[in-house]
Amino acid sequence: MLTRFANPARFMRASGALLPWLGVVAAVVLAIGLVWSLLLAPPDYQQGQSVRIMFIHVPSAWMALSAYLFIAVASAVALVWRHPLAEIAAQAAAPAGAAFTLVCLATGSLWGRPMWGAWWVWDARLTSVLVLFFLYLGYIALVNAFDDQSRGARAGSLLALVGVVNLPIIKFSVDWWNTLHQPASVLRFGGPSIDASMLIPLLIMALGFMLLFGWVLLLRMRTALNERKIRALRLYGQPAPRGATVAAPLPAASRT
Amino acid sequence: MTGLADWLAMGGYAGFVWPAYAIAAAVLGGVALYAWQRHRASGIMLARLQGPAEE
């Protein structure tokens, strides 16, 4: 499957056909998830209605981690196999991942204030997610810091791989250290400890966020490929040679 | 009508629940809208440069 979509032209065709459907399905799933989260799900017996924040907080946390893992895997593929779409995919995923992390932090803060009595505490879970947010910002800044796009992409890929060490720290921080943050109640040994009336809307919202991420990812990858073609057309009046991943070498006339 | 007011009050947590959903909608909606708009603009620009041949 990786090699089948290695050809950017084929990717453009396939993603162009998929894009409208993905957008519609994402919107429908998110609408169902929102109605379920805000209207149908019962209030928690301890936390009351404030538990409704969970339906966006937890899925955005899952997406914050998943998107980073996606970037790291795509970066590894880019470094090892030089897959022409891998770097584009990694860079396309970063702003959406940062957005999910920001939503996770903001909604967590709004949930922590009434439940813990604090907007923020410097414990392991919260701090490691804040580090994840800065990793996203650092990756985006680093990729765009070089005049030579391929060098920026290489540096970004390395940063993304080094940052992977943060993912298990986030996941297991609630078990390794004392924390106000509650331990996992869905992805844990022995099955979920959360009631189905809350688990179902939670999973629907998670699916909606995943579809939204996919939609944004495809949009941004297609945009990057379009913009690459636009640059080549402006420079040479024709598209870049097949398989070229960066701007082609300077025309002979401009070399000294 | 009290049903709606009750729902909006969120059992006293309205000041936390609604901002949480508003921030999520603004941040995620903003990223999605920006991606969609740039995708559209890049497609139009490319079509203009290439002429009517592709897509």
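Residues numbered from 1 in each chain as written. Chains lettered and ligands numbered in written order. Predicted model: local features only at pLDDT ≥ 70, side-chain atom pairs only at ≥ 80, totals over all residues. Heavy atoms only, no water.

Another point: the pattern of salt bridges. Tallying each qualifying case throughout the model produces one salt bridge over all chains. Arg38(B) is paired through a salt bridge with Glu227(A); the nearest N and O atoms lie 2.9 Å apart. Residue Arg38(B) is located in helix H2 (residues 14–50), and its partner Glu227(A) is located in helix H7 (residues 196–236); the two belong to separate chains. (Salt bridge = Lys/Arg side-chain N within 4 Å of Asp/Glu carboxyl O. Helix = DSSP H or I, 4+ residues; strand = E, 2+ residues; numbered from the N terminus.)

Here the focus is the interface of chain B and chain A. In this assembly, 29 residues from chain B lie in contact with 41 residues from chain A. Buried area between chain B and chain A, summed over both chains or domains, comes out near 3000 Å², and the portion from carbon and sulfur atoms is 77%. On inspection of chain B and its partner chain A, the count reaches one salt bridge. Viewed at the interface, chain A and chain B are joined by six residue pairs in polar contact (both at pLDDT 80 or more). Residue contributions to the side of chain B that touches chain A peak at 23 residues, all from H2(B). Taken together, the residues of the side of chain B that touches chain A sort by class into 20 nonpolar, six polar and three charged. (Contact = heavy atoms within 4.5 Å. Buried area = accessible area lost by both parts, 1.4 Å probe. Polar contact = N/O pair within 3.5 Å; in protein donor to acceptor, adjacent residues only side chain to side chain. Nonpolar A, V, L, I, M, F, W, Y, C, P; charged D, E, K, R; others polar.)

This part is about unusual backbone geometry. Even without being a glycine, Arg82(A) presents a positive backbone phi close to 55°. Turning to its location among the elements, Arg82(A) is positioned in the loop between helix H2 (54–81) and helix H3 (86–116). Residue classification places Arg82(A) among the exposed positions, given a relative accessible area of 55%. Positive phi outside glycine occurs at Met10(B), with the angle close to 50°. Within the fold, Met10(B) resides in the loop between helix H1 (2–9) and H2. (Buried < 20%, exposed > 50% of the residue type's maximum accessible area, 1.4 Å probe, protein only.)

What follows deals with the packing of H2(A) against H7(A). Two quantities define a packed helix pair, namely the angle between the helix axes and the distance between the axes. Residue and element names in this part refer to chain A. At their nearest, the axes of H2 and H7 sit 9 Å apart, and the two run at 40° to each other. One element, H2, and the other, H7, form an angle in the oblique class. For H2 against H7, the interelement crossing comes out right-handed. Residues Met-54, Phe-55, Ile-56, Val-58, Pro-59, Ser-60, Trp-62, Met-63, Ala-67 and Phe-70 of H2 lie in contact with H7, whose contacting residues are Met-198, Pro-201, Leu-202, Leu-203, Met-205, Ala-206, Phe-209, Met-210, Phe-213 and Leu-217. Per-class residue counts for the contact of H2 with H7 are 19 nonpolar, one polar and no charged. (Axes fitted to C-alpha atoms, helices over the stretch in contact; angles between N-to-C directions. Parallel < 35°, antiparallel > 145°, perpendicular 65-115°, else oblique. Left-handed = near helix turned anticlockwise from the far one by under 90°.)

Here we take up the side chain of Ser157(A). All names here are of chain A. Relative to the elements of secondary structure, Ser-157 occurs in helix H5 (residues 149–163). The exposure class of Ser-157 is buried, given its relative accessible area of 1%. Within the local environment of Ser-157, its side chain forms a polar contact with the backbone oxygen of Ala-153, the two atoms lying 2.8 Å apart. In this structure, Ser-157 is in contact with Ser-75, Ala-78, Leu-79, Glu-87 and Tyr-139, ignoring residues within four places of it in sequence.

All right, on to H5(A) then. Residues and elements named next belong to chain A. Its 15 residues place the ends of H5 21 Å apart at the C-alpha level, agreeing with the 21 Å of an ideal helix rising 1.5 Å per residue. Every buried residue belonging to H5 is among Gly-152, Ala-153, Ala-155, Gly-156, Ser-157, Ala-160 and Gly-163, and all of these are buried. Turning to H5, the residues buried within the fold contact H2, H3, helix H4 (124–143) and helix H6 (166–176). (Expected span 1.5 Å × (residues − 1).)

Here the focus is the packing of aromatic side chains. All names here are of chain A. Per the counting criterion, the structure on display carries nine aromatic pairs over all chains. A centroid spacing of 5.5 Å and a plane angle of 80° characterise the contact between Tyr-68 and Tyr-136, whose relative ring orientation is edge-to-face. Pair noted here: Tyr-68 is in helix H2 and Tyr-136 is in helix H4, with a separation of 68 residues, a long-range link. The same class applies to Tyr-68 as to Tyr-136, namely buried. (Phe/Tyr/Trp six-rings, centres within 6.5 Å; stacked < 30°, edge-to-face > 60°.)

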